[in-house]
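# Overview (structure and organization)
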Amino acid sequence: MNNKKTASHYYKGKFEKQLQKYPGLQSKMTPIPDTGEKTYQGSDKLIRKKALVTGGDSGIGRAAAIAYAKEGADLAINYHPDEEQDAQEVKAFIEKEGRLCVLLPGDLREEGFAKKMVTRAAEALGGLDVLVLNAGIQQYEFDIQNLTSEQLHDTFEVNVFSVVYAIQEALNYLSEGGSIILTSSIQGVKPSAHLVDYAMTKSCEISLTKSLAAQLGGKGIRINAVAPGPIWTALQICGGQPQDSIPEFGQNQPLKRAGQPAELASVYVLLASDEASYITGQVYGVTGGAPIN
Ligand code: NAD
Ligand code: MG
C-alpha cells in the first residue's frame, strides 16, 4: 500500500501552546511531529551504509534516521539521557525494518563525550560512512544583557564544539565516499532578534561546512549543511520560541505553514548517498520558501 503523503496532507493548522522542559519529548507533543515512520518510502539508496545521527530520537534527526533505515542503512543514534522514551521508539521502529540501531545516550555538553560517542558508534557498527551532526540547543532571549554565560556556553558547546570534536574523531573512520551532514538553520543567514546566541552557532556551522569541504575534498570526504526553516519539533516548545509564538509558528512562510521533520528526510538521504558524489560545501535550504541567500 502506498502510504506516502502528498504535501497537502501535512498539518497546516495552528498549534496549541505547550511548554516542556528542555530537551523535551516529541511523544508528548500535540500534534506529534511527523518523522516519516508512515510517510517516508525507501528505495535502497543507502544499502550497507553505517550512519551515526545525533539528536536521532526526535524531530529532524529522527526523520533522517528513520529514512536511512528504510533506505537500508544501519544506525547509531545519540540523544540526551532524558530522551530515552523517544529513543526507544526509534530503536523499535528501526529494528522492525530489519536494521541495526545502536543507542548512544549522552550529554554533548560533557567534555570528551562527542569523541567517545563516535568511537562507540564506529565500533558497534563496524565502521562509519555517514555522520549527521544534528543535535542542537535553542533557547530564546530577547535581551542580550540577560543572556547568561551558562546559556552561551551550552549553546556553543552542543551546536559548535561537539560538532568539531565529533568530526575530528570521525576522520579516523570515514574513508573516500564518506559524508558529513550538519543541521544548520535559516538562522545562520537570517538571524532573529531573540535568537542571538543560537543564530551565531548556526552561522558557525555554515562556515565549518565551507572550510572543511575545502580541507577534506582531497580525501574524497564530503560535508554539507541543511538549513531548515520553521519545523514542528520539540526544540521549539522547550524554550526555542516564546509560547505566544507557538500558535502561528511557520504561518508567515510562503507555504503558510510549519514544515514536518519528514519533509527534510529526502535531503538528508541524498546528501548521505553516493548519488551526491559531486556535492560538497553546500547549504540546502528547506524553509517553506524563505530564501537562504
Ligand atoms: P529536536 O528537539 O527534536 O532535536 C534536537 C535534539 O538535539 C534533541 O532531540 C536532543 O537529542 C539533541 N540535544 C540537545 N541538547 C543535547 C545535549 N546537551 N546532549 C545531547 N543531545 C542534545 O528538534 P529539531 O528541531 O529536530 O532539532 C534538530 C536540529 O535542527 C537542531 O540542530 C536545530 O538547531 C535544527 N533546526 C531546527 C529548526 C526547527 O524549526 N525545528 C529549524 C532550523 C534548524
Ligand atoms: Mg529529542
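In the block above lies the structure referred to throughout.
The following paragraphs examine the structure supplied in this document. All figures in this text were calculated on a predicted structure; none of them were measured in a lab. (Residues numbered from 1 in each chain as written. Chains lettered and ligands numbered in written order. Predicted model: local features only at pLDDT ≥ 70, side-chain atom pairs only at ≥ 80, totals over all residues. Heavy atoms only, no water.)

### Topic: the coordination of the magnesium ion (ligand 2)
The protein atoms that coordinate the magnesium ion (ligand 2) are Asp57 (OD), Ser58 (OG) and Glu83 (OE), at distances of 2.1 to 2.2 Å. In primary-sequence terms, the residues that donate to the magnesium ion (ligand 2) follow D-S-x24-E. Here aspartate 57 and serine 58 have matching classes, each one buried. (Donors = N, O, S within 2.8 Å, 3.2 Å for Na, K, Ca; no water. Buried < 20%, exposed > 50% of the residue type's maximum accessible area, 1.4 Å probe, protein only.)

### What to know about the environment of aspartate 274
Here aspartate 274 shows up in the loop between α7 (265–272) and β7 (283–286). Put simply, aspartate 274 and glycine 177 are 97 residues apart on the chain and 7.1 Å apart in space, counted from C-alpha to C-alpha. There is a polar contact of 2.7 Å between the side chain of aspartate 274 and the side chain of lysine 49. (Helix = DSSP H or I, 4+ residues; strand = E, 2+ residues; numbered from the N terminus. Polar contact = N/O pair within 3.5 Å; in protein donor to acceptor, adjacent residues only side chain to side chain.)

### What to know about helix α2 (residues 84–96)
For α2, spanning 13 residues, the distance from its first C-alpha to its last is 18 Å, which sits close to the expected 18 Å at 1.5 Å a residue. For α2, the full list of buried residues reads Asp86, Ala87, Val90, Phe93 and Ile94. Around the axis of α2, the buried residues are gathered within 125 degrees of arc, so they sit on the same side. Looking at the buried residues of α2, the elements they touch are α1 (59–70), β2 (74–79) and β3 (101–105). Positive phi appears at glycine 98, one or two residues downstream of α2, with a value of about 85 degrees. (Expected span 1.5 Å × (residues − 1). Arc of directions from axis to C-beta. Contact = heavy atoms within 4.5 Å.)

### Quick notes on the side chain of threonine 155
Looking at where threonine 155 falls in the secondary structure, it is placed in helix α4 (residues 149–170). A polar contact of 2.8 Å, which involves the side chain of threonine 155, links it to the backbone oxygen of glutamine 151. Within polar-contact distance, the side chain of threonine 155 engages the side chain of aspartate 197 at 3.0 Å. If near-sequence neighbours (up to four positions away) are discounted, threonine 155 is found in contact with Ile137, Val160, Asp197, Tyr198 and Thr201.

### A closer look at the packing of aromatic side chains
Within the structure shown, the criterion is met by six aromatic pairs. For the ring pair tyrosine 11 and phenylalanine 15, a centre distance of 5.2 Å and an interplane angle of 40 degrees mean the geometry is tilted. Relative accessible area serves as the criterion here: at 34%, tyrosine 11 is assigned to the partly exposed category. Members of the aromatic cluster, each reached through a chain of ring pairs, are Tyr11, Phe15, Trp232 and Phe249. (Phe/Tyr/Trp six-rings, centres within 6.5 Å; stacked < 30°, edge-to-face > 60°.)

### Quick look at the side chain of serine 58
Inspection of the secondary structure puts serine 58 in the loop between β1 (50–54) and α1. Assessed through its relative accessible area of 14%, serine 58 is described here as buried. A polar contact of 3.1 Å, which involves the side chain of serine 58, links it to the side chain of aspartate 57. Contact partners of serine 58, with chain neighbours within four places excluded, come to Gln26, Glu83 and Asp86.

### Concerning the site of ligand 1
In the vicinity of ligand 1 there are 32 residues, among which Tyr22, Ser58, Glu83, Tyr198 and Thr233 approach most closely. Side-chain polar atom of glutamate 83 to an oxygen atom of ligand 1: 2.6 Å apart, as the coordinates give it. Within the backbone of leucine 108, one N or O atom sits 2.9 Å away from a nitrogen atom of ligand 1. Coverage of ligand 1 by the protein amounts to 99% of the 800 Å² it exposes when considered alone. For the shell around ligand 1, the secondary structure elements donating two or more residues are α1, α5 (196–216) and α6 (234–240). It is α6 that provides the largest number of residues to the shell around ligand 1, a total of three residues. Residue composition of the shell around ligand 1, grouped by class: 14 nonpolar, 13 polar and five charged. (Near = heavy atom within 4 Å. Areas by Shrake-Rupley, 256 points an atom, 1.4 Å probe, with all protein chains shown as cover. Nonpolar A, V, L, I, M, F, W, Y, C, P; charged D, E, K, R; others polar.)

### Re a nonpolar patch on the surface
Taken together, the side chains of Ile144, Leu152, Val196 and Met200 make up a nonpolar region of the molecular surface, amounting to roughly 320 Å² of accessible area. Along the chain, valine 196 falls in helix α5. (Patch = residues over 30% accessible without salt bridge, like charges linked within 9 Å, V, L, I, M, F, W, Y side chains within 5 Å. Salt bridge = Lys/Arg side-chain N within 4 Å of Asp/Glu carboxyl O.)

### Quick notes on α1
The terminal C-alpha atoms of α1, which comprises twelve residues, lie 17 Å apart, in line with the 16 Å expected from a rise of 1.5 Å per residue. Counting buried residues in α1 gives twelve out of twelve residues, a clear majority hidden from the surface. Considered for burial, the residues of α1 that qualify are Gly59, Ile60, Gly61, Arg62, Ala63, Ala64, Ala65, Ile66, Ala67, Tyr68, Ala69 and Lys70. Glycine 72, located one to two residues past α1, shows a positive phi value of around 100 degrees.

### Here's the deal with the sheet that holds β7
In any sheet, the strands associate via hydrogen bonds between backbone groups, in a parallel or an antiparallel arrangement. The sheet built from seven strands is open, its strands ordered β3-β2-β1-β4-β5-β6-β7 with parallel pairing. Whereas interior strands pair on both sides, the edge strands pair on one side only; in this sheet they are β3 and β7. In this sheet, neighbouring strand axes are inclined to one another by 15 degrees on average, regardless of whether the strands run parallel or antiparallel. As judged from the five bridges shared by strand β5 (residues 179–183) and strand β6 (residues 222–228), these two strands associate in the parallel manner. Following the sheet pairing, isoleucine 181 is matched in β6 by asparagine 224. Packed onto the sheet, α1 meets β1, β2, β4 (130–133), β5 and β6 and runs at close to 165 degrees relative to β1. (Pairing = 2+ DSSP bridges. Axes fitted to C-alpha atoms, helices over the stretch in contact; angles between N-to-C directions.)

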